[in-house]
Amino acid sequence: MIKEFIKINSLKGKLLLPGDKSISHRAVMFAAMANGKSNISNCSNSEDVNSTMNCFKQLGAEISFNDKTIEIIGLGFKNLVKSNSNLDAGNSGTTARLISGILSAQNFSSNINGDESLSARPMMRIVKPLQSMGAKIKASESGTLPITINPSDYLHAIDYEMEISSAQVKSAIILAAIHLSETTSIIERNPTRNHTENMLGVKTEKLLDGKKIFASKENYPNPFEMTIPSDISSASFFIVLTLLSKNSELIIQSVSLNETRTGILEILKRMGANIEIDNIILENGEMRGDIIVKSSKLKNVDVPSSIIPNIIDEIPILSVAGVFAEGNFRISKAKELRVKESDRIKSICNNFKLAGLNIVEFEDGFEISGIPTNAKVAYESYGDHRIAMAFAVMAMLSEFGGSVNQFEAVNVSNPDFLNQIKAIV
Ligand code: S3P
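I will try to describe carefully the structure that is included in this document. Predicted, not measured: the structure shown is a model, and the values here were computed from it. (Residues numbered from 1 in each chain as written. Predicted model: local features only at pLDDT ≥ 70, side-chain atom pairs only at ≥ 80, totals over all residues. Heavy atoms only, no water.)

1. Details of the pairing of strand E9 (residues 147-150)
Of the two faces of E9, the one lined by Ile147 and Ile149 is fully buried and the one lined by Thr148 and Asn150 carries no buried residue. The sheet contact formed by strand E8 (residues 136-138) and E9 spans three bridges and is antiparallel. Following the sheet pairing, Lys138 is matched in E9 by Thr148. (Buried < 20%, exposed > 50% of the residue type's maximum accessible area, 1.4 Å probe, protein only. Helix = DSSP H or I, 4+ residues; strand = E, 2+ residues; numbered from the N terminus. Pairing = 2+ DSSP bridges.)

What follows is the structure, encoded as structure tokens:
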């Protein structure tokens, strides 16, 4: 579907966005693993989290919807049941990678596959550490899906140092480790999102450069009740749209303010953004609060490599902010962007070229200079939800608007994006 956007003159209002996608995946998984009934409110209504729910239904969990709450009856320690068919992770890397950790510790075999985009993404990053724990897990010859997992008699704890900054890899190891009596330790030099640690009460120790995580059977989840804070990654599209529209003000309520996710606010503030936080509360180890955004004049700043894992999902929309800010926008040390739902370095560069900007592409980033064309541009989403929303914002900030091809990709994280826009313009 090609979606047309016109320039937005100004916007005002309040938004309550659906639950954080990363936390929702984990809430569904942990509830399905716990022994008994859990209730989850404000769960993400995304296709990605739906993939996780479908996989766990196939593995025996009972999942039902009760108004805005999801009730999950979980099966308990090593009690998931074998699925008669392949588990389909759809477009979701989090589903495929985290479920691999859980299934490595079960007493039955499983097969995991996914859509075309996910089937091209690297899986050896989880297969190797899980194999070193004794898991009988195999990916295809090209190191991608499908993944096959057979029961292992000798799953054991490991001491592991993260080779790449990835919360999905860290979580896959933790989720296998919580099935074992001995303690697994993981050293993480560059912090990545820590929802798995927070939600499972995993102990961590601060190191001079990074942290050490300790996980064992003690961290196996019990049934719980939880209201999921709204998704800061979804909020970031509305934040940038507000900042760069004239006479605009937006309140985005009850957004996750977990410190491993708020890098986008930090960078935008350094760029001169008028962003304030109100009504902060702490619940289930996760901070949340209202984000108040007002029109601002932005100036590009240096984006340090240490913050890249924290803003990895926000780089597409941050680059749109960079185009309308004073000076050139530059990102480097972000090679991981090449293996997301699309090659995001290529997707971003190609779209900005269509907008008449000067682009220098590097292996691990890009630099943008110039002034966007006045013409109406037809952008491509490359089937990638964050590219679709970033360039919808780009179109809504451009004099003659623009369009985004394959816009339905937004359903992967935020099916209500267009209604949310309608509510504030
Ligand atoms: C996620 C971790 C990040 C992020 C993804 C969600 C998670 O991926 O990009 O959208 O929920 O753990 P990596 O672990 O590959 O960095």
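2. Observations regarding the site of the ligand
Taken together, Ser22, Arg26, Thr94, Ser165, Ser166, Ala167, Gln168, Arg193, Ile312, Asp313 and Lys340 make up all the residues around the ligand. Contacts to the ligand include Thr94, whose side-chain N or O atom sits 3.4 Å from an oxygen atom. In this structure, an oxygen atom belonging to the ligand sits 2.7 Å away from a side-chain N or O atom of Asp313. For the ligand, whose accessible area on its own is 380 Å², the fraction buried by protein is 94%. Mapped by element, the contributors of at least two residues to the shell around the ligand are helix H1 (21-33) and helix H5 (167-177). (Near = heavy atom within 4 Å. Polar contact = N/O pair within 3.5 Å; in protein donor to acceptor, adjacent residues only side chain to side chain. Areas by Shrake-Rupley, 256 points an atom, 1.4 Å probe, with all protein chains shown as cover.)

3. Re the nonpolar core
One broad rule of soluble globular proteins: the nonpolar side chains tend to lie buried together. Counting residues in hydrophobic clusters, the biggest one holds 71 residues, and the most contacted among them are Ile239, Leu268, Ile315 and Phe352. If one sorts the elements of this core by residue count, helix H12 (residues 385-396) sits on top with 10 residues. Setting aside chain neighbours within four positions, we find Ile315 in contact with Ile308, Ile331, Ala334, Leu337, Ile348 and Phe366. The next biggest cluster of nonpolar side chains, apart from the first, holds 64 residues, and it includes Ala96, Ile102, Met162 and Tyr220. (Core = buried A, V, L, I, M, F, W, Y, C linked by side-chain atoms within 4.5 Å. Contact = heavy atoms within 4.5 Å.)

4. Considerations on the pattern of salt bridges
Throughout the structure, instances matching the rule amount to 23 salt bridges. In this structure, Glu266 engages Arg270 in a salt bridge whose closest nitrogen and oxygen atoms are separated by 2.7 Å. On the criterion of helical spacing, the pair formed by Glu266 and Arg270 is a turn pair, its members being four residues apart in helix H8 (residues 263-270). Assessed through its relative accessible area of 41%, Glu266 is described here as partly exposed. A salt bridge links Glu361 to Lys346, with the shortest nitrogen-to-oxygen separation between them at 3.1 Å. A residue pair is termed long-range when its members are at least 10 positions apart, and Glu361 in strand E19 (residues 358-362) and Lys346 in helix H11 (residues 344-354) qualify at 15 residues. Judged by relative accessible area, Glu361 falls into the partly exposed class, the value being 29%. (Salt bridge = Lys/Arg side-chain N within 4 Å of Asp/Glu carboxyl O.)

5. A few points about unusual backbone geometry
What you tend to see is this: most non-glycine residues have negative phi, and most peptide bonds are trans. Note that the residue after Leu145, namely Pro146, is joined by a cis bond; omega there is 0°. Within the element layout of this structure, Pro146 appears in the loop between E8 and E9. A positive phi is found at Asn42, a non-glycine position, where the angle reads about 55°. Here Asn42 shows up in the loop between strand E3 (35-41) and helix H2 (47-58). On the basis of relative accessible area, Asn42 is assigned to the partly exposed category, the value being 24%. Despite not being glycine, Lys78 shows a phi value in the positive range, around 50°.

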